[in-house]
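Below are the chains, spelled out letter by letter.
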Amino acid sequence: MLVNAETPVIICDRLARTPAGMARLVELAETLQCAVIDNAGRMNFPSRHPLNQSFRRGIIRQADVIVAMEVNELWGSLNPFSDRIVRSSRPSYKSSARIVTLGSRDLYMKSNYQDFGRYQEVDLAIGGDAEASLPTLIEQVKRLIDDSKKAAFEARGKKLAAAKLAAVEQAKSDATNGWDASPITTARMCAEVYGQIKDEDWSLVGTTIRLAWPHRLWNFDKPYQWNGVSGGAGVGYNLPASLGAALANKKHGRLTLAFGGDGDFMFAPGTLWTAAHHRIPMLYILQNNRAYHQEYMYLQAMAARHGRGIANTDIGTTIKDPNVDYATVARGFGVYGEGPIVDPKDLGPALKRAVAMVKTGQPALVDVVTDPR
Amino acid sequence: MAVFVAVVTATVGFNATAQAEGAASGDAAKGKRVYLADGCHLCHGRVRQGGAMNYSAPAITKLEMPVESFVAFLRVAPNDMPAYTANVLSDADAADIYAFLQSLPGRKPAKDFPLLNQ
């Protein structure tokens with residue numbers, strides 16, 4: 001199916017579980033010259049690879065074969081839905097598309113609807129470890145590709161590469177919106193951070209909800225440069241999980257960094273003491289939008305839906321009055337703290353000082369007051 | 001759960017030629033206050049650079065629709081965006097928001113930003 005497809009698309013999520021996973025997926029994609037959409041549950045595919053179409057999901061509509069590898073929630077990847085009083089969804093794929101799953105989820109099914117979300121109808125479900133299966137799949141694909149296919153594959157790859165370049169330029173253009181604004185835009189924050197770490201042996205091990213700018217703007221090309229996400233979207237996960245990854249990175253001498261939300265931080269701030277006590281180097285960039293913002297937006301949507309205005313939606317959802325001074329909190333735990341950074345011009349120098357501290361083997365926190373998302 | 005499900009980069013727009021005359025009738029300064037007070041920025045950003053809830057909330061840096069279409073859009077609002085009925089947002093306030101949005105500059109050439117070219 002893959003070799004004979006005109007527009008095959010690979011969707012991956014928690015595929016790469018060893019350093020070999022990314023290289024194998026790259027080999028398969030390059031052999032087929034096909035699009036890869038990375039849901040970023042792991043470091044599956046280089047962010048700037050010409051076949052990386054993660055920010056061009058419209059390509060799913062063109063696919064005649066979709067292969068989903070270790071995708072946590074395939075229905076959600078293929079069926080955008082509207083969270084309104086009457087929920088509606090629409091498939092983002094052609095009805096004629098053949099859908100194949102390859103992954104280990106089928107091997108540990110339980111009777112828990114939360115575990116699986118909605119079921120996606122598929123044409124072929126292959127239960128097994130995707131990373132371990134890739135060498136055999138690559139071998140079979142190579143065996144079936146004859147000369148008559150190579151020209152078409154090459155043309156397909158060139159089209160995808162051109163589209164990728166356009167998507168990168170679009171990302172840069174989008175990032176200029178509100179460049180000098182205060183509170184600082186998340187795009188500016190991520191660009192400033194990358195400016196400070198790009199020449200280091202860096203490893204990003206945590207992020208905030210829907211913060212896509214690193215994957216849109218940064219060059220991820222090493223298996224350890226991205227740690228994936230919890231998979232459960234639980235608030236309070238990010239700070240302690242990031243510290244665990246930082247501990248794993250310590251012996252490799254990598255510059256570990258993580259973004260984290262202020263709401264997430266409020267759940268387990270004592271993690272910072274653990275970082276200081278055990279001398280675990282980590283740059284923690286606090287995306288401080290002074291709210292449990294996902295919840296704040298839901299309440300606003302709900303209030304607007306019922307036509308009652310949003311005057312009360314900040315109750316229980318915002319973290320202000322008083323504002324938390326997270327840099328001082330960090331210092332209280334024995335961790336180097338910078339901030340709150342409100343003016344974008346101050347962010348680069350603050351990050352530079354914090355990176356220098358981390359490179360001495362210490363944790364550091366930079367409190368960046370940002371626009372919500 | 002994916003870190004990002006989709007990034008919609010398009011500006012809200014219908015027709016580039018339909019720049020609204022209605023913008024002149026709105027009050028941009030008042031529109032900014034309403035934009036913030038009514039929480040538009042919670043999803044679309046204070047400088048309307050876009051954001052995300054369940055999916056991306058598009059940047060609205062350049063509204064390419066007449067004010068009447070903009071108001072009608074708010075009344076029904078697609079996807080996850082809640083509809084803003086006249087009970088919570090008057091036509092006049094919506095026109096002020098429109099004027100505010102029209103008063104702002106759009107994107108700038110990315111080549112002028114070294115941090116975006118690294």
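Higher on the page you've got the structure.
Residues numbered from 1 in each chain as written. Chains lettered and ligands numbered in written order. Predicted model: local features only at pLDDT ≥ 70, side-chain atom pairs only at ≥ 80, totals over all residues. Heavy atoms only, no water.

Caption draft 1: Layout of the overall build of chain A. Helices and strands together make up the secondary structure of chain A, namely 13 helices and twelve strands. For a compact globule of 373 residues, the expected C-alpha radius of gyration is about 21 Å, and chain A comes in at 22 Å, within 12% of that figure. Within chain A, buried positions represent 54% of all 373 residues. Contacts spanning at least 24 positions in sequence make up 75% of the contacts within chain A whose residues lie at least 6 apart. For chain A, the computed accessible surface area is about 15,900 Å², with 52% contributed by carbon and sulfur atoms. Positive and negative side-chain charges of chain A, numbering 44 and 38 respectively, have mean locations separated by a distance of 1 Å. (Helix = DSSP H or I, 4+ residues; strand = E, 2+ residues; numbered from the N terminus. Rg over C-alpha atoms; globule rule 2.2 N^0.38 Å. Buried < 20%, exposed > 50% of the residue type's maximum accessible area, 1.4 Å probe, protein only. Contact = heavy atoms within 4.5 Å. Areas by Shrake-Rupley, 256 points an atom, 1.4 Å probe, with all protein chains shown as cover. Lys, Arg positive; Asp, Glu negative; His and termini not counted. Charge placed at Lys NZ, Arg CZ, Asp CG, Glu CD.)

Caption draft 2: Main features of the packing of helix α1 (residues 28-37) of chain B against helix α4 (residues 91-103) of chain B. All names here are of chain B. At a minimum axis distance of 7 Å, the contact between α1 and α4 shows a crossing angle of 105 degrees. On the basis of their axis angle, the class for α1 and α4 is roughly perpendicular. Mapping the contact onto sequence places A28, K30, G31, K32, V34 and Y35 in α1 and D93, D96, I97, A99, F100, L101 and S103 in α4. (Axes fitted to C-alpha atoms, helices over the stretch in contact; angles between N-to-C directions. Parallel < 35°, antiparallel > 145°, perpendicular 65-115°, else oblique.)

Caption draft 3: A look at the sheet that holds strand β3 (residues 65-69) of chain A. All names here are of chain A. With parallel pairing, the five strands of this open sheet are ordered in space as β2-β1-β3-β6-β7. Each of the sheet's edge strands pairs with one partner strand only, and the pair in question is β2 (35-38) and β7 (124-127). When the angles between neighbouring strand axes are averaged without regard to direction, this sheet yields 15 degrees. Relative to β2, strand β1 (residues 8-12) runs parallel, the two sharing four bridges. (Pairing = 2+ DSSP bridges.)

Caption draft 4: Representation of the nonpolar core in the model. Residue and element names in this part refer to chain A. Counting 81 residues, the largest nonpolar core has M69 and W218 as the members making the most contacts within it. A per-element tally of this core places helix α6 (residues 186-197) first, with seven residues. Contact partners of W218, with chain neighbours within four places excluded, come to S47, R48, C190, V193, Y194, I197, W202, L204, W213, L257 and F259. (Core = buried A, V, L, I, M, F, W, Y, C linked by side-chain atoms within 4.5 Å.)

Caption draft 5: Layout of the pattern of salt bridges. Evaluated as defined, the whole model comprises 20 salt bridges over all chains. With a closest N to O distance of 3.4 Å, K222 of chain A and D221 of chain A form a salt bridge. Here D371 of chain A and R46 of chain B are joined by a salt bridge, their closest N and O atoms 2.5 Å apart. A residue pair is termed interchain when its members come from two chains, as with D371 of chain A in the segment after β12 (363-369) and R46 of chain B in the loop between α2 (40-44) and β1 (51-52). Note on R46 of chain B: relative accessible area 31%, which makes it partly exposed. (Salt bridge = Lys/Arg side-chain N within 4 Å of Asp/Glu carboxyl O.)

Caption draft 6: Examining the sheet that holds strand β9 (residues 255-261) of chain A more closely. All names here are of chain A. Reading across from one edge, β8-β9-β10-β12-β11 is the order of the five strands in this open sheet, with parallel pairing throughout. Each edge of the sheet is formed by a strand with only one pairing partner; in this case those strands are β8 (202-204) and β11 (336-341). Between one strand axis and the next, the sheet turns by 15 degrees as a mean value, whatever way the strands run. By the bridge criterion, five bridges tie β9 to strand β10 (residues 282-288) in an arrangement that is parallel. Bridging across to β10, G260 finds its partner in L286. Most of the contacts of α6 go to β9, to which it runs at about 170 degrees, and overall it touches β8, β9, β10 and β12.

Caption draft 7: Inspection of unusual backbone geometry at higher detail. All names here are of chain A. Residue D321 is joined to P322 through a cis peptide bond whose omega torsion reads 5 degrees. Its place among the elements puts P322 in the loop between α11 (293-305) and α12 (326-332). With an omega of 5 degrees, the peptide bond between G339 and P340 qualifies as cis. For P340, the position within the fold is in strand β11. Of note in this structure, R210 is not a glycine but carries a positive phi near 65 degrees. A positive phi is found at R279, a non-glycine position, where the angle reads about 55 degrees. The residue R279 is located in the loop between α10 (271-277) and β10 in this model.

Caption draft 8: Molecular detail of α4 of chain B. Residues and elements named next belong to chain B. For α4, with 13 residues, the first-to-last C-alpha span of 18 Å sits near the 18 Å given by 1.5 Å per residue. The set of residues buried in α4 consists of A94, A95, D96, I97, Y98, A99, F100 and L101. Each element contacted by the buried residues of α4 is listed here: α1, α2 and α3 (67-76). (Expected span 1.5 Å × (residues − 1).)

Caption draft 9: Layout of the pairing of β10 of chain A. All names here are of chain A. Counting buried positions over the seven residues of β10 gives seven, a clear majority of the element. Of the two faces of β10, both are covered, the one formed by M282, Y284, L286 and N288 as well as the one formed by L283, I285 and Q287. The pairing of β10 with β12 spans seven bridges and is parallel. Looking at β12, one finds that Q287 is bridged to V368.

Caption draft 10: View of the interface of chain A and chain B. The interface is formed by 61 residues belonging to chain A together with 48 residues belonging to chain B. Buried surface at the junction of chain A and chain B, summed over both partners, amounts to about 4,600 Å²; 57% is from carbon and sulfur atoms. For the chain A face of the interface with chain B, the top three residues by lost area are R84, N177 and R210 of chain A, together amounting to 16%. Between chain A and chain B we count two salt bridges in total. Elements with a contribution of two residues or more to the side of chain A that touches chain B: β4 (81-82), α5 (147-175), α6, α7 (213-217) and α11 of chain A. In terms of residues, the side of chain A that touches chain B owes the most to one element, α11 of chain A, which gives nine residues. Partitioning the side of chain A that touches chain B into residue classes produces 23 nonpolar, 21 polar and 17 charged. (Buried area = accessible area lost by both parts, 1.4 Å probe. Nonpolar A, V, L, I, M, F, W, Y, C, P; charged D, E, K, R; others polar.)

In short, geometric facts, not functional conclusions.
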